[in-house]
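# Coordinates in review
The residues making up each chain are set out below.
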Amino acid sequence: MDRDDLKDQITSHWTQRTDTAALERKLAAAPGADRARLFETLAPHDQLHAGLMEATRLLARWADLSVGSRVLDIGAGLGGTARFLAEELNCRVTAVDVTPVLHEAASALTERLGLTDRVEHLRCDIVELPRSEPYDAVLLQHVDMQIRDKDGLYRCARRCCSDKGRVIWHDWLTGAQQKPSYPVMWSEDGALSFLSSPTEFCKGIQSAGLELVSFEEIG
């Protein structure tokens, strides 16, 4: 399977798993809701990762983000993390995802919440990301497990991060069982699953020129 075929399969997988109609119904039920209520309404749906909002808050602390930080969110999904960082910390976030349905829904939600001045949505592969000034932080939540070219991913993350910035991962790795029981959230039969062991993951990010500051296994 070449890179384009893999990208097409990943796009198809997330398109089938994304219920934008449910989000529209939730928002339609609260037409006059204030921003806080809208964020609360969206939180169970637009945080496409384990731990939901609690995990996003933890990543923000690990990234040591401050007001005005420039953040790159790789594999941003529906944009929940990007909007949270923009709203809570006034960060300027570039949210990147390859799946059209996720990109379109994320863009619409960001506009609904009035955050287009702080959140930019791009639909592209990370290797196609336009060159820009380095980011203060690069975030990846549940991206690594579907990427076969991990060396390429890690090098891109390093390239996009400033010398004093941080790259923060929140992802699935193999455990003692080695292989998960399919289907799982990111793969029906294992065809889209490229899990690393903790050792392989740590070696990979260090080979990309990143210094491993902290590693925490949960599970």
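Whatever comes next refers back to the structure up there.
Source: prediction; values computed, not measured. (Residues numbered from 1 in each chain as written. Predicted model: local features only at pLDDT ≥ 70, side-chain atom pairs only at ≥ 80, totals over all residues. Heavy atoms only, no water.)

### Overview of the overall build of the protein chain
Condition: Secondary structure elements follow DSSP: runs of H or I no shorter than four residues count as helices, runs of E no shorter than two count as strands, and numbering proceeds from the N terminus. The atom set for the radius of gyration is the C-alpha atoms, and the globule formula is 2.2 Å times the number of residues raised to the power 0.38. Burial classification: accessible surface area is computed with a 1.4 Å probe over protein chains only, and a residue below 20% of its type maximum counts as buried, one above 50% as exposed, and the rest as partly exposed.
Helices and strands together make up the secondary structure of the protein chain, namely 8 helices and 5 strands. Taken from N to C terminus, the helices and strands of the protein chain fall in the order α-α-α-α-β-α-β-α-β-β-α-β-α. In terms of overall size, the protein chain behaves like a compact globule, its C-alpha atoms giving a radius of gyration of 17 Å where 219 residues would be expected to give roughly 17 Å. Counting only C-alpha atoms, the protein chain reaches 50 × 40 × 35 Å along its principal axes. Here the protein chain holds 219 residues, and the buried ones make up 48% of them.

### So, the state of the cysteines
Counted only if it meets this: The disulfide criterion is simple: two cysteine sulfur atoms within 2.5 Å.
In total, this model carries 0 disulfides according to the counting rule given. There is no disulfide at Cys 161, and the cysteine sulfur nearest it, in Cys 160, is 8.6 Å away. Looking at Cys 161, the relative accessible area reads 5%, which means it is buried. Left unpaired, Cys 202 is separated from the closest cysteine sulfur, that of Cys 161, by 17 Å. For Cys 202, a relative accessible area of 13% translates into the label buried.

### Regarding the sheet that holds strand S2 (residues 92-97)
Note on sheets: strands pair through backbone hydrogen bonds, and any given pair is parallel or antiparallel. Selection criterion: Whether two strands pair depends on DSSP finding at least two bridges between them. Lines fitted to C-alpha atoms define the axes, with helix axes restricted to the stretch in contact, and inter-axis angles between N-to-C directions lie between 0 and 180 degrees. By the convention used here, residues are in contact when the closest approach between their heavy atoms is within 4.5 Å.
The 5 strands are arranged S3-S2-S1-S4-S5 in an open sheet whose pairing can be described as parallel. Each edge of the open sheet carries a strand with a single partner, namely strand S3 (119-123) and strand S5 (161-170). When strand polarity is set aside, the average angle formed by the axes of neighbouring strands in this sheet is 20°. Across 5 bridges, strand S1 (residues 70-74) lies against S2 in parallel orientation. Among the inter-strand pairings, Asp 73 is bridged to a residue of S2, identified as Ala 95. Each of S2 and S3 touches helix H6 (residues 100-112); the most contacted strand, S3, lies at about 165° to it.

### Quick notes on the packing of helix H2 (residues 20-28) against H6
Put simply, the rule reads: Put simply, angles under 35 degrees are roughly parallel, angles over 145 are roughly antiparallel, angles from 65 to 115 are roughly perpendicular, and the rest are oblique. Each residue gets one of three labels, nonpolar for Ala, Val, Leu, Ile, Met, Phe, Trp, Tyr, Cys and Pro, charged for Asp, Glu, Lys and Arg, and polar for the others, Gly among them.
The geometry of H2 relative to H6 is characterised by a closest axis approach of 11 Å and an angle of 10° between their N-to-C directions. For the element pair H2 / H6, the angle class is roughly parallel. In this structure, H2 contributes Thr 20, Leu 23 and Leu 27 to the contact, and H6 contributes Val 101, Ala 105, Leu 109 and Arg 112. Looking at the contact of H2 with H6 residue by residue, the class counts come to 5 nonpolar, 1 polar and 1 charged.

### Re the packing of helix H4 (residues 52-62) against helix H5 (residues 80-89)
Rules: Note on convention: the crossing is left-handed when the near helix lies turned anticlockwise from the far helix by less than a right angle, right-handed when the turn is clockwise.
Running from N to C, H4 and H5 cross one another at 60°; their axes reach a closest spacing of 11 Å. With respect to H5, the element H4 is oriented oblique. In terms of crossing hand, the pair formed by H4 and H5 is right-handed. In this structure, H4 contributes Met 53, Thr 56, Arg 57 and Ala 60 to the contact, and H5 contributes Thr 81, Phe 84, Leu 85, Glu 88 and Leu 89. Residue classes in the contact of H4 with H5 are distributed as 5 nonpolar, 2 polar and 2 charged.

### With respect to a negative patch on the surface
Convention followed: Exposure above 30% relative accessible area and the lack of any salt bridge qualify a residue for a patch; like charges then connect within 9 Å, and the nonpolar side chains Val, Leu, Ile, Met, Phe, Trp and Tyr within 5 Å. Calculation of accessible area relied on Shrake-Rupley with a 1.4 Å probe; when residues are assessed, cover is drawn exclusively from the protein chains displayed. Between Lys or Arg on one side and Asp or Glu on the other, a salt bridge is scored when a side-chain nitrogen of the former is within 4 Å of a carboxyl oxygen of the latter. The charged-residue count follows a simple rule in which Lys and Arg add positive charge and Asp and Glu add negative charge, with His and chain termini not counted at all. Working definition for charges: the position is that of NZ of Lys, CZ of Arg, CG of Asp or CD of Glu.
Taken together, the side chains of Asp 2, Asp 4, Asp 5 and Asp 8 make up a negatively charged region of the molecular surface. Tracing the backbone through its elements, the reader meets Asp 4 in helix H1 (residues 3-17). On the accessibility criterion, Asp 4 (49% relative accessible area) is partly exposed.

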